[in-house]
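# Per-entry structural report
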Amino acid sequence: MIKIEPARRLELHLSYTCGQKCGFCSESVRMDRWRHAPLKGEEISATLLKHRKAGFNHVTFTGGEPTAHPLLPAALSAARKLGFNTYLTTNGGLFAQEAYAREVLPLLDEVCLSVHGPDAETHDAAAATPGSFERAMKALANIEQHGDRVYLLTNTVVTRANWGRLEDTLTLLTKHPKIRHILLSSVAPEGRALKDYKALAVPLSQWRDRVPALARPFETNGVVLRMFGLPLCVLDGRPELSNDAHYSPRVTVERRGARSKPGLVAIASADASRRRSKPVVCRSCDDRGDCAGVFDRYLALHGPAELTPRRSS
Ligand code: SF4
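What counts as what
Each chain has its residues counted from 1, following the order in which its sequence is written. Only residues with pLDDT of at least 70 are given local features in this predicted model, and only at 80 or more are side-chain atom pairs given and counted; all residues enter the totals for whole chains, interfaces and linings. By convention in this description, side-chain values take in all heavy atoms of the structure and omit both hydrogens and water. Only buried Ala, Val, Leu, Ile, Met, Phe, Trp, Tyr and Cys residues count toward a nonpolar core, and they belong to the same one when joined by side-chain atoms within 4.5 Å. Remark: exposure states derive from per-residue accessible area (1.4 Å probe, protein chains only) relative to the maximum for the residue type, with buried under 20%, exposed over 50%, and partly exposed in between. Contacts were defined at the residue level, with two residues in contact if any of their heavy atoms lie within 4.5 Å. Working definition: helices are DSSP H or I runs of at least four residues, strands are E runs of at least two. Numbering for both runs from the N terminus. If even one non-hydrogen atom of a residue comes within 4 Å of a molecule or strand, that residue is called near it. Three classes are used: nonpolar for Ala, Val, Leu, Ile, Met, Phe, Trp, Tyr, Cys and Pro, charged for Asp, Glu, Lys and Arg, and polar for all others, with Gly counted as polar. Strand pairing is assigned whenever DSSP identifies at least 2 bridges connecting the two strands. Two N or O atoms count as a polar contact when they lie within 3.5 Å, although within protein this holds only if one can serve as hydrogen donor and the other as acceptor, and sequence-adjacent residues are included solely when both atoms are side-chain atoms. Angular values range over 0 to 180 degrees, each being the angle between N-to-C directions of two axes fitted as lines to C-alpha atoms, with helices fitted over their stretch in contact. Every case where a carboxyl oxygen of Asp or Glu lies within 4 Å of a side-chain nitrogen of Lys or Arg is listed as a salt bridge. Stacked, tilted and edge-to-face are the three classes assigned to paired rings of Phe, Tyr and Trp, where Trp is represented by its six-membered ring and a pair needs centres within 6.5 Å; plane angles under 30 degrees give stacked, over 60 edge-to-face, the rest tilted. The rule for a charge over a ring is simple: NZ of Lys or CZ of Arg within 6 Å of the ring centre, and within 35 degrees of the ring normal.

### Some thoughts on the nonpolar core
Generally speaking, a soluble globular protein has its nonpolar side chains buried in company with each other. Of all hydrophobic cores here, the largest spans 82 residues; its most connected members are Leu 48, Phe 61, Phe 95, Leu 108, Ile 182, Leu 184 and Trp 207. Ignoring sequence-local partners within four residues, the contact set of Leu 184 consists of Thr 156, Val 158, Leu 166, Leu 170, Trp 207, Leu 214, Leu 225, Arg 226, Met 227 and Phe 228.

### Thoughts on unusual backbone geometry
Here the amide bond leading from Gly 63 into Gly 64 is cis, since omega sits at 20 degrees, within 30 degrees of zero. Relative to the helices and strands, Gly 64 resides in the loop between strand S2 (58-62) and helix H3 (72-82). At Ala 128, a position not held by glycine, the phi torsion is positive, near 50 degrees. The phi torsion at Asp 236 lies on the positive side, around 65 degrees, for a residue other than glycine. As for its placement among the helices and strands, Asp 236 is situated in the loop between strand S7 (224-228) and strand S8 (250-258). Accessibility expressed as a relative area gives 48% for Asp 236, which makes it partly exposed.

### Overview of the site of the ligand
The ligand sits among Pro 231, Leu 232, Cys 233, Lys 278, Cys 282, Cys 285, Arg 288, Cys 291, Leu 307 and Pro 309. Its residues assigned to classes, the shell around the ligand comprises eight nonpolar, no polar and two charged.

### Points about the pairing of S2
Here S2 lies mainly inside the structure; five of its five residues are buried. Of the two faces of S2, both are covered, the one formed by His 58, Thr 60 and Thr 62 as well as the one formed by Val 59 and Phe 61. Sheet topology places strand S1 (residues 9-13) next to S2; five bridges connect them, and they run parallel. From the neighbouring strand, Leu 12 faces S2, where its bridge partner is Phe 61. Sheet topology note: the S2/strand S3 (residues 85-90) ladder contains four bridges and is parallel. Within S3, the position partnered with His 58 by the bridge is Asn 85.

### Quick word on the environment of Thr 47
Relative to the elements of secondary structure, Thr 47 occurs in helix H2 (residues 41-53). Here Thr 47 falls in the buried class, since its relative accessible area comes to 8%. Taking the C-alpha atoms as reference, Thr 47 lies 9.6 Å from Ala 266; in sequence the two are 219 residues apart. Leaving out residues up to four positions away in the same chain, Thr 47 has contacts with Leu 10, Leu 12, Val 253 and Leu 264. At 2.7 Å, the side chain of Thr 47 forms a polar contact with the backbone oxygen of Glu 43.

### Let's talk about the pairing of S1
Burial within S1 is extensive, with five of its five residues counted as buried. What you see with S1 is no split at all: Arg 9, Glu 11 and His 13 on one side and Leu 10 and Leu 12 on the other are buried throughout. The sheet contact formed by S1 and S8 spans four bridges and is parallel. Counterpart to Leu 10 in the pairing with S8 is Val 251.

### Quick word on the sheet that holds strand S9 (residues 261-269)
Strand order in the open sheet formed by nine strands is S7-S6-S5-S4-S3-S2-S1-S8-S9, and the pairing between neighbours is mixed. Across the chains shown, the open sheet's two edge strands, defined by having one partner strand only, are S7 and S9. Within the sheet, the average angular offset between the axes of one strand and its neighbour, ignoring direction, is 20 degrees. Where strand S6 (residues 179-186) lies against S7, five bridges are found, and the strand directions are parallel. Across the sheet, the residue bridging to Ile 182 is Leu 225, located in S7. Across the sheet, H3 lies against S2 and S3, angled at about 175 degrees from S2, the strand it touches most.

### Points about the pattern of salt bridges
What the rule picks out here adds up to 22 salt bridges. In this structure, the salt-bridge partner of Glu 190 is Arg 274, at a minimum N-O distance of 2.7 Å. Within this pair, whereas Glu 190 is found in the loop between S6 and helix H8 (192-195), its partner Arg 274 is found in the loop between S9 and strand S10 (276-277), the two being separated by 84 residues in sequence. Overall, the relative accessible area of 10% leaves Glu 190 in the buried class. Using a relative accessible area of 46% as the deciding quantity, one classes Arg 274 as partly exposed. Here Arg 275 and Glu 190 are joined by a salt bridge, their closest N and O atoms 3.6 Å apart. Of this pair, Arg 275 sits in the loop between S9 and S10 while Glu 190 is found in the loop between S6 and H8, placing the two residues 85 residues apart along the sequence.

### Regarding helix H5 (residues 120-127)
Residues three or four positions apart in an α-helix share a direction because the helix packs 3.6 residues into each turn. Within H5, burial applies to Thr 122, His 123, Asp 124, Ala 126 and Ala 127. Contacts made by the buried residues of H5 are with strand S4 (110-114) and helix H6 (132-146).

### As for the packing of aromatic side chains
Taken as a whole, this structure holds three aromatic pairs when the rule is applied. Ring geometry for Phe 95 versus Tyr 100: centroids 5.6 Å apart, planes at 70 degrees, classification edge-to-face. Grouping residues by exposure puts Phe 95 and Tyr 100 together as buried. When the ring centre of Tyr 87 is taken as reference, the NZ or CZ atom of Arg 9 above it lies at 5.2 Å. Cation over ring: Arg 276 sits above Phe 295, and NZ or CZ is 5.2 Å from the ring centre.

Structural data, given as structure tokens:
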């Protein structure tokens with residue numbers, strides 16, 4: 001069963017700008033609205049202090065692209081002094097600059113770098129930004145050189161466009177021994193991805209056919225492979241492959257309010273079931289307690305026919 005534990009993880013949306021224009025961006029609507037209003041220093045300090053006092057011990061800085069916020073180094077430093085473990089999601093951003101990487105990486109425990117393909121052609125098309133693959137690879141090289149104690153993860157958002165390059169992407173990533181953990185994310189129907197979801201999302205039946213072969217090398221290569229946004233029956237019933245099964249309850253702090261008077265809101269998430277549900281067919285499934293279900297948008301477009309409830313008897 002999915003365990004409901006008290007949230008210890010804070011997710012802080014620091015900036016609302018990004019140098020890329022990914023077609024699957026789940027943050028595009030928030031970025032359009034709040035581009036002019038990155039978090040102020042006093043908001044960052046107050047949020048960190050309040051949640052640390054409440055027992056939170058892990059903070060994820062995200063965005064937009066968090067390295068675009070000039071106060072990121074100071075925010076990381078403050079989080080460290082308060083006793084947080086620090087985690088950052090990035091498309092590479094300023095880590096492509098060696099001096100920035102050297103200054104900021106010692107303040108980080110974990111970094112999740114986005115890599116959406118094995119080469120510039122695939123990655124740059126996914127990011128709709130020429131030069132973005134080169135920047136991500138420079139960032140990777142700098143993290144390898146200056147991030148001695150950083151636990152490095154990567155995230156690949158999988159769409160119909162890069163689906164055919166997935167093995168090549170995994171081959172590229174596993175050639176880098178510093179990368180300890182690879183996340184394959186199915187498209188989340190939010191922001192820009194909601195509008196184009198039908199064209200972007202890979203059918204669940206195709207994922208199911210391919211998961212065993214994708215996962216096989218990771219049984220022996222020492223790298224963790226997880227997948228986000230897929231029900232357990234698509235993952236061969238293997239919770240170890242499900243990012244959802246390893247979800248930590250969290251509180252997300254982000255911009256909300258009138259454009260002229262930006263405020264902050266804290267949203268609690270106990271599990272990974274946001275915008276997802278389990279249709280009637282799931283009632284007979286032995287895995288329903290561990291499964292976060294299917295994106296509502298997917299069910300609206302394709303129905304539940306691809307789901308295969310597991311029954312032990
Ligand atoms: S049948 Fe439903 S509950 Fe069972 S694994 Fe599939 S989506 Fe999850």
